[in-house]
Each structure stands twice: as C-alpha cells, then as structure tokens.
Amino acid sequence: MEFRELVTTKTKEKFGSDVVDITNFRDDLSIEIKPERLLSFCKFLKEDSELDFAMCVDVTAIDWAKRKNRFTTVYHIYSLTNNFNLRIKSTIEDAKNPEIDSVTSVWKSADWYERETWDMYGIKFKNHPDLRRMYMPETFEYYPLRKDFPVMGIPGSLPLPKKEED
Amino acid sequence: MGLEAKLASDGFLTTKLDAVIAWCRKNSLWPMPMGISCCAIEMMSAVDPKYDMSRFGSEVMRFTPRQCDLIIVAGTVTYKMAHVVRRIYDQMPSPKWVIAMGACTSSGGMYRSYPVVQGIDQFLPVDVYTAGCPPRPENLLNALLELQKKIEGTRARDFQNKPLLDLNLSKN
Ligand code: SF4
C-alpha cells in the first residue's frame, strides 16, 4: 500500500466521523479534524510506529473573515522515515474567543509557532507552557494578521519615544 | 596648503575660536554605527579601504554611544526598535548629529506597514537624509560632507542652554 493511502485508511479507521475532510490537492494530503480530537489525532500520528510523524514543521492559521467559523489552524508535519509531508487543519467554532488545544505536548517545536499564531491571529492555545506574544509588544491590543486589521496599523496603538523639540 | 605657509612665516594666524572649534568638530565626527538591517552592509563598505571614510575623519566607529557624536541609523526601524535607538541616542554626549541612511530610515521605505516607523524623524532630530535602497557608499560619504557643511556653520551659542548629557532614560 502506498504511504498516502496508509495514512488515510489509518486515520479513517481510528477517527471515523471526527475526520471532517480529507483532500489530496496536487499531491498534498491534508486532513481536517474536529478541534476536540486534534490533540489525540496528533499524538496518534506521532506515536504510530508506521506513520512516525516525528517533526512539526509549522503551525499557522487562516482567517476566513466572513465565514461563521472564522479561524482555521493549520499544522504542517513531516515524517522523516517515510519522507512525507502532511497537513492537518482544524476549524474553530468560536469566532469571538478562538481557543484550541496546544500541540506542544506532542511536538516541542510547536512552542514558538503557536506563540506566533497567537500573536498574529489571537488564537489561544490551551495548555501552552508560555503563551506570550512573539513579535508585537506585550501591551499591543490587536492581532495584525486578522483580516479586519488595517495594513498601516492603528494610529497610536504602538508608542514611540518622545522627541523633544530643539 | 595655507596652514603650512603660515607655519613657515609668522607661526600664528588670526581666526575666531568658534570657527576653529567648528572646524575641529566637523573633521572628527565619531559615528555610532546603528546598523539595524541591510543598509548597514553599505555603511561598512563606506569605511573600507576602497571608499575610506577616514579621509573625512570619520573612520572611528565606536560601539558605545558615550564616545560618539554622530549616529548613523542604517536600517529598518520598527516600533519596538525605535525605543532602543532613542535610548542609544540619549546616551550620546551633545553636541550630536543624526544621519538617516536609506529609504527605510528616512520614510519607512518599502515597508509601508504597521510595524515599521514611517521615518525616524518622528522620534529623532535628523540632520541629513540619504536616499537609496541601500544608498551607495558614495551617497553616505556625501551625507557626511553635507553634515560637515552644516557643522561648519555652527557657533558655540547654538549649543548653549542645552543639557550636556540628556540621560533621561526612565522616560523612554
Ligand atoms: S533602505 Fe533598503 S537597503 Fe536600507 S534597510 Fe531599507 S530595505 Fe534595507
């Protein structure tokens, strides 16, 4: 069996109705899973000896702006033994206070990726060991990569040092 | 030149103290290399033997602001970095000057977006702006010469009633 099929059959077998969608676009396999099962799904992918997805390459998010379920988190993971990239998606239902389980307990490398996603999209990762902002100052109140944030920022939201006139 | 001729004949010359001091100042600017991003590479090459900024007396790059009287801000200044730049500027003893090197520093450049300060003149008194992305080393030398012209015109009274060292660190 091809590895791609192995991933999909094993996923379907184990998670059945919790799998929202499996797409195979241009040889990129992505699996969408319900947010409640995300953590156990990740654990399974990593710990299954055949699949062996040992590496988390990236965590990011999508802001769909006008959809009811506004935020989707995206995880790129990689299996070194099988040389295979897999994408996991998970759509969060609460658009006001988006929250999802942190996968840092599975992949340590997700730590800073999740911090960046929190900084840019305002998605809270539950049980993250140190969820501080990554780039913006801690006092900043907005999330710059959300679609409703203007490119030029919000005047006065980032303080500048004073310039005394001479 | 003129000075040596004087040396051979009278051994003295008459001038104004102000003029002598301004002349000394302009030819011994010690830059603080505030290299924040890519422009800093061109700033480095301005000091190398090919362009040789030491011809104009400014080769002494000091990595502590307390020994500098010129800050060359070379690179993209983000809002977070602005506080650092200002803090370094505040530690320089007066009189002091600022060169804004490159498009980013002068106006935000191609980074027309929320994290980048659209021109460092929002928090620093800039003396000379340098165009280019990055400016060629000649351009930086030109900025230095422009600044020298500016300093040549200064008089002691221009710096009076100014605190010698503005160490207002707690404010920023
Ligand atoms: S002006 Fe150009 S070269 Fe200079 S810091 Fe900005 S992007 Fe880099």
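Details of the structure are given in the entry above.
Predicted, not measured: the structure shown is a model, and the values here were computed from it.

(A) Up close: the overall build of chain B. In terms of regular secondary structure, chain B is built from six helices and four strands. Ordering the α and β elements of chain B from the N terminus gives α-α-β-α-β-α-β-α-β-α. The buried share of chain B, taken over its 172 residues, is 43%. For chain B, long-range pairs separated by at least 24 residues make up 78% of all intrachain contacts whose partners lie at least 6 apart in sequence. For chain B, the exposed surface amounts to about 9100 Å²; the carbon and sulfur share of it is 58%. For chain B, the centre of its 20 positive side-chain charges and the centre of its 16 negative side-chain charges are spaced 6 Å apart.

(B) Structural detail: the site of the ligand. Around the ligand lies a shell formed by Ser37, Cys38, Cys39, Gly75, Thr76, Ala103, Cys104, Met110, Gly132, Cys133 and Pro134 of chain B. In terms of residue class, the shell around the ligand is built from seven nonpolar, four polar and no charged.

(C) Representation of the pairing of strand 2 (residues 70-74) of chain B within the structure. Residues and elements named next belong to chain B. Taken across its five residues, strand 2 has five buried, putting it largely inside the fold. Side chains Leu70, Ile72 and Ala74 project from strand 2 onto one buried face, and the interleaved Ile71 and Val73 project onto a second face that is buried too. As defined by bridge partners, strand 1 (residues 31-35) adjoins strand 2 across five bridges and the pair is classed as parallel. Each bridged residue has a counterpart across the sheet, and for Met32 the counterpart in strand 2 is Ile71. For the crossover that starts at strand 1, traverses helix 3 (residues 39-47) and ends in the parallel strand 2, the hand is left-handed. Across five bridges, strand 2 lies against strand 3 (residues 97-101) in parallel orientation.

(D) A look at the interface of chain B and chain A. With 18 residues of chain B at the contact, the number on the chain A side is 18 residues. Three residues stand out in chain B for area buried against chain A, namely Tyr79, Lys80 and Tyr114 of chain B, and they jointly supply 38% of the buried area on that side. Joining chain B to chain A, the criterion identifies three residue pairs in polar contact (both at pLDDT 80 or more).

(E) Spatial organisation of the environment of Ile92 of chain A. Residue and element names in this part refer to chain A. Mapped onto the elements, Ile92 comes out in strand 5 (residues 84-92). Sequence spacing of Ile92 and Trp118 is 26 residues, and the spatial spacing of their C-alpha atoms is 14 Å. When neighbours within four sequence positions are excluded, Ile92 is seen to be in contact with Asn69, Arg70, Phe71, Thr73, Pro98, Glu99, Ile100 and Ile123.

(F) Highlighting helix 6 (residues 137-152) of chain B. Residue and element names in this part refer to chain B. For helix 6, with 16 residues, the first-to-last C-alpha span of 22 Å sits near the 22 Å given by 1.5 Å per residue. Buried within helix 6 we find Pro137, Leu140, Leu141, Ala143, Leu144, Leu147, Gln148 and Ile151. Taken end-on, helix 6 shows its buried residues confined to a sector of 155 degrees, consistent with a single buried face. Turning to helix 6, the residues buried within the fold contact helix 2 (17-26), helix 3, strand 2, strand 3 and strand 4 (128-130).

(G) A look at the sheet that holds strand 3 of chain B. Residue and element names in this part refer to chain B. Judged by pairing direction, the sheet is parallel, and its four strands sit side by side in the order 1-2-3-4 without closing on themselves. Of all strands in the sheet, those with a lone pairing partner are strand 1 and strand 4, marking the two edges. On average, each strand axis in the sheet is tilted by 15 degrees relative to the strand beside it, whichever way the strands run.

Conventions used here
- Within any chain, residue numbers begin from 1 and follow the written order of that chain's sequence.
- Each chain is given a letter, starting from A, and each ligand a number, starting from 1, according to the order in which they appear as written.
- Confidence filtering applies because this is a predicted model: local features only for residues at pLDDT of at least 70, side-chain atom pairs given and counted only at 80 or more, and all residues used for totals across whole chains, interfaces and linings.
- To get the side-chain values, all heavy atoms of the structure are used, and hydrogens and water are removed first.
- Put simply, DSSP marks the helices as runs of H or I at least four residues long and the strands as runs of E at least two long, and each gets a number from the N terminus on.
- Throughout this description, buried means an accessible area under 20% of the type-specific maximum (1.4 Å probe, protein chains only), exposed means over 50%, and partly exposed covers the range between.
- A contact between two residues is defined here by any heavy atoms of the two lying within 4.5 Å.
- Shrake-Rupley sampling with a 1.4 Å probe provides the accessible areas, and residues are treated as covered by the protein chains on show and by no other component.
- Counted as positive: Lys and Arg. Counted as negative: Asp and Glu. His and the chain ends are not counted at all.
- For this purpose, a charge sits on NZ of Lys, CZ of Arg, CG of Asp or CD of Glu.
- We define proximity as follows: a residue is near a molecule or strand when any one of its heavy atoms falls within 4 Å of that partner.
- Residue classes follow a fixed rule: Ala, Val, Leu, Ile, Met, Phe, Trp, Tyr, Cys and Pro count as nonpolar, while Asp, Glu, Lys and Arg count as charged, and any other residue, Gly among them, counts as polar.
- One bridge is not enough; two strands pair if DSSP finds at least two bridges between them.
- By convention, orient the strands away from the viewer: a clockwise path from the first strand over the helix to the second makes the crossover right-handed.
- Buried area: the sum, over both parts, of the accessible surface (1.4 Å probe) that disappears when the two are put together.
- Polar contact criterion, stated in full: a pair of N or O atoms within 3.5 Å, where within protein one must be able to donate a hydrogen and the other to accept it, and residues adjacent in sequence count only if both atoms are side-chain atoms.
- How far a helix is expected to stretch is found by multiplying one less than its residue total by 1.5 Å.
- Summarising the geometry, the arc corresponds to the directions from the helix axis toward the C-beta atoms.
- Every axis in this analysis is a line fitted to C-alpha atoms, fitted for helices over the stretch in contact. Angles between the N-to-C directions lie between 0 and 180 degrees.

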